[in-house]
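Coordinate analysis (summary)
Spelled out from the first residue to the last, the chains are:
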Amino acid sequence: MTTPEITIATPADRATVVDTLVAAFVKDPVLRCLFPDEETYPRYAAAFFGHLFDKRVHRSSIWTIGGGASVAIWEPPADPSAPAHGSPEISPYPADVQARVQSYDDVVHDALPTFPFWYLGVLGTHPDSAGRGWGRAVMRAGLARAAADGLPAILETSNPGNVELYRRAGWEVVGSLEEPVPTWIMQQPPR
């Protein structure tokens, strides 16, 4: 079987990417901490991933494969001269949910390095396409971009099973958080 082409997402891919990630993260510890209610999870997770997509799509740093069946949303190093995209943020969540989302975001970002790096914010595969190696393929696209820039790559995961998967792909644990859920910060040095 031939592996499909890896593409850079465009705004037209938003619905497919969001649907893939909502399905991929149904049991993720962080997403379930942020959005524990079964009834509201699909809506809140879609808003969460939609925000991440909108924030990064104009930076050409979202790689997909299989028509969006696997997605890697990367954040390039900050570029202070780059124009901002989008309008001011309005929270799609009630106050208690927004507080959880903001608290988690603050804790994680405070734990990230201060030097320039490429950040793998989200890596997910729709459950219908799991086991094909597509997640690793879209991850490698971002790693190649980081390597071309001579920069390390950073990610965080709260799924203990993912730590070993990432280790096998060349990542190493460089830090951890205990709250709000155990989370590992991992790095791949520049190549």
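Here the residue numbering is sequential within each chain, running from 1 through the sequence in written order. Only residues with pLDDT of at least 70 are given local features in this predicted model, and only at 80 or more are side-chain atom pairs given and counted; all residues enter the totals for whole chains, interfaces and linings. The basis for every side-chain value is the complete set of heavy atoms in the structure, and neither hydrogens nor water enter the calculation.

**Brief notes about unusual backbone geometry**
A cis amide bond, omega 0°, links Glu-179 with the succeeding residue Pro-180. By secondary structure assignment, the location of Pro-180 is in the loop between strand 6 (172-177) and strand 7 (183-188). Residue Ser-60 is not a glycine yet carries a positive backbone phi of 50°. Its location among the elements puts Ser-60 in the loop between helix 3 (41-56) and strand 2 (62-65). Helix and strand assignments follow DSSP, with helices taken as H or I runs no shorter than four residues and strands as E runs no shorter than two, numbered in order from the N terminus.

**Examining the nonpolar core**
Joining through side-chain atoms within 4.5 Å is the link that ties buried Ala, Val, Leu, Ile, Met, Phe, Trp, Tyr and Cys residues into a set, and such a set is a nonpolar core. Burial classification: accessible surface area is computed with a 1.4 Å probe over protein chains only, and a residue below 20% of its type maximum counts as buried, one above 50% as exposed, and the rest as partly exposed. Leu-21, Leu-31, Phe-35, Phe-48 and Phe-49 are the most contacted members of the largest nonpolar core, which totals 34 residues. Of all the secondary-structure elements, those providing two or more residues to this core are helix 1 (14-24), helix 2 (29-34), helix 3, strand 3 (70-75), helix 4 (95-111) and strand 4 (118-125). Contacts of Phe-35, omitting those with residues within four sequence positions, involve Tyr-41, Tyr-44, Ala-45, Phe-48, Tyr-93, Val-97 and Val-101. Ala-72, Leu-123, Leu-143 and Ala-169 belong to the second-largest nonpolar core, a separate cluster that totals 23 residues. Residue contacts are defined here by distance: any two heavy atoms, one from each residue, within 4.5 Å place the two residues in contact.

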